[in-house]
Amino acid sequence: MRKKKVSSARRQQAKKLQTEVGQVRDVNSRTIFKNPVLVSQFLRDNLDIPILKNVKPEDIEDVTERYQAYLGISFETDTVKRIRLRGEGADSQLYLISLIEHKSTVDYNVAMQLLRYMVCIWNEYAKEAERHQKGISRTKGFRYPAILPVVYYEGNQNWTADLRLRDRIMMTDILGQYVPDFTYQVIRIHDYTNEELLDRKDEMSLLMMINKVQTAEDMTRFLQSEQNKIAEIVSKAPSHMLDIIAATIWSLCIKMNMPVDDAKECVKKVKDRDMGYLFENMEKMDIQAERKKTAEAERKAALAEQKAKSAEQKVARELKAAKVAQAKAAQEIKELKEKNEQQLESAIKNYIQLCCQFHMEKDGAKSLLMGKYHLNKSAAEDKIRKYWENS
């Protein structure tokens with residue numbers, strides 16, 4: 001009972017803390033990809049495509065809601081960006097679809113999800129062009145915009161899903177030339193070291209580095225990284241970017257089970273651009289204790305799973321035995337019933353034959369038969385006809 005009260009008090013304190021530190025909220029990757037500055041940094045740092053190196057935040061427009069409304073589906077971790085390419089002509093634009101994977105297991109249907117977005121974007125693009133010039137989409141020179149599909153993956157497991165759409169389609173070995181195909185790119189944050197991310201010296205890479213922390217070992221590597229580089233990034237970050245960094249640090253503190261007072265101080269120090277005390281607080285966490293707690297929790301979970309499996313197997317064995325016993329009992333009842341019916345039929349036959357030997361009238365024998373064996377009139381007459389003549 002006391003544990004429940006403590007847990008409830010902790011939740012209330014955390015809720016109050018969020019208000020005290022300026023409505024700091026939990027941050028997810030879609031929040032990050034909503035920010036055009038972060039998207040421009042992401043394009044520059046992670047995609048080896050020259051035309052994207054100089055994309056400015058003002059060249060990026062978020063059009064996610066338009067296409068999710070068109071599809072009639074809302075994916076919490078998907079974003080669609082329309083990017084204007086400078087120096088490529090007035091009408092040159094590129095669409096970026098980013099899917100963000102948080103699950104520990106890989107989603108093998110991502111290529112099909114991307115295809116739905118791509119078809120939707122092209123269809124809407126043609127409709128918009130038709131509104132400006134009717135029939136333009138059916139002309140020889142009409143071209144659809146390029147689309148760059150990207151999966152931003154925060155899981156620590158390797159991405160094992162096929163990167164080509166055709167690998168999700170049957171009979172491509174026979175009908176390959178008729179099957180549509182494209183490749184998407186996976187940006188897996190665990191493929192980068194903390195040093196590689198910090199060398200980029202921008203906010204997006206710092207957020208990627210923070211989001212890499214998922215275990216006690218990750219936290220140790222995070223604390224051992226070059227703190228002066230982190231402090232430099234934070235010191236130069238504009239206020240709207242600082243809010244996202246603070247929210248991400250808040251999520252990290254809560255994820256690592258830091259006491260709420262220390263978490264509050266961490267967020268405050270980020271907002272004040274003073275990083276020294278922040279990491280001093282983080283170092284107070286007993287990483288070995290966290291590792292032991294995780295191992296103990298895993299051990300208990302495995303033991304509970306084994307017990308559940310044993311109980312399930314026992315129930316299955318008992319159920320099987322019960323079914324066998326039930327079938328045996330049903331067979332015995334059937335055999336007993338058949339035996340009783342045979343004995344009754346034999347008794348009726350003998351009784352009728354006895355009545356016949358004593359030259360009894362059929363009607364009298366019928367009445368006696370009905371009374372002795374509880375037969376109705378029709379059944380008694382049937383028995384008389386069956387056995388009287390054979391007597």
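Residues numbered from 1 in each chain as written. Predicted model: local features only at pLDDT ≥ 70, side-chain atom pairs only at ≥ 80, totals over all residues. Heavy atoms only, no water.

A. A look at a nonpolar patch on the surface. Judged by side-chain polarity, Met170, Met171, Ile174, Leu175 and Tyr178 come together as a nonpolar surface patch covering roughly 630 Å² of accessible area. Note that Ile174 resides in helix H6 (residues 172–175). (Patch = residues over 30% accessible without salt bridge, like charges linked within 9 Å, V, L, I, M, F, W, Y side chains within 5 Å. Areas by Shrake-Rupley, 256 points an atom, 1.4 Å probe, with all protein chains shown as cover. Salt bridge = Lys/Arg side-chain N within 4 Å of Asp/Glu carboxyl O. Helix = DSSP H or I, 4+ residues; strand = E, 2+ residues; numbered from the N terminus.)

B. Region of interest: the pattern of salt bridges. Summed over all chains, the structure comprises 19 salt bridges. Note that Asp199 is salt-bridged to Lys229, the shortest N-O span being 2.7 Å. Here Lys229 lies in helix H10 (residues 227–236) and Asp199 lies in the loop between helix H7 (194–198) and helix H8 (203–211), a separation of 30 residues in the sequence. Judged by relative accessible area, Asp199 falls into the partly exposed class, the value being 47%. Of the charged contacts in the structure, one is a salt bridge between Glu381 and Lys366, with a shortest N-O distance of 3.3 Å. One end of the pair, Glu381, is in helix H16 (residues 377–388); the other, Lys366, is in helix H15 (residues 362–373), with 15 residues separating them in the sequence. Each of Lys34, Asp62 and Lys81 takes part in a single network of salt bridges with overlapping partners. (Buried < 20%, exposed > 50% of the residue type's maximum accessible area, 1.4 Å probe, protein only.)

C. Highlighting a negative patch on the surface. A surface patch of like charges, here negative, comprises Glu332, Glu335, Glu338 and Glu341. Residue Glu335 is classed as partly exposed on the basis of its relative accessible area of 45%. (Lys, Arg positive; Asp, Glu negative; His and termini not counted. Charge placed at Lys NZ, Arg CZ, Asp CG, Glu CD.)

D. A look at the side chain of Lys366. You can call Lys366 buried: its relative accessible area is 15%. Here the side chain of Lys366 touches Glu381 through a polar contact of 3.3 Å, side chain to side chain. Apart from residues lying up to four places away in sequence, Lys366 is in contact with Lys377, Ala380, Glu381 and Ile384. (Polar contact = N/O pair within 3.5 Å; in protein donor to acceptor, adjacent residues only side chain to side chain. Contact = heavy atoms within 4.5 Å.)

E. Region of the structure containing helix H3 (residues 36–46). A large share of H3 lies buried, amounting to 8 of its 11 residues. Buried residues of H3: Leu38, Val39, Ser40, Gln41, Phe42, Leu43, Asp45 and Asn46, and no others. One side-chain oxygen of the residue at the start of H3 lies 2.9 Å from the amide nitrogen of Val37, identifying that residue as Asn35.

F. Structural detail: the nonpolar core. Counting 52 residues, the largest nonpolar core has Leu43 and Phe222 as the members making the most contacts within it. In terms of residue count, the dominant contributor to this core is helix H11 (residues 239–255) (9 residues). Among all residues touching Leu43, those that are not within four sequence positions of it are Leu52, Val55, Ile83 and Leu96. Judged by nonpolar contacts, the second largest core, of 26 residues, contains Val63, Tyr117, Ala129 and Phe142. (Core = buried A, V, L, I, M, F, W, Y, C linked by side-chain atoms within 4.5 Å.)

G. Spatial organisation of the confidence of the model for the chain. Residues with a pLDDT of 70 or more make up 82% of the chain, whose mean pLDDT is 83. Counting interchain partners and residues more than four positions distant, the pLDDT-below-50 stretch residues 1–6 has 0 contacts. Note on residues 13–26: pLDDT under 50 across the span, and 22 contacts to partners over four residues away in sequence or across chains. (pLDDT = per-residue confidence, 0-100.)

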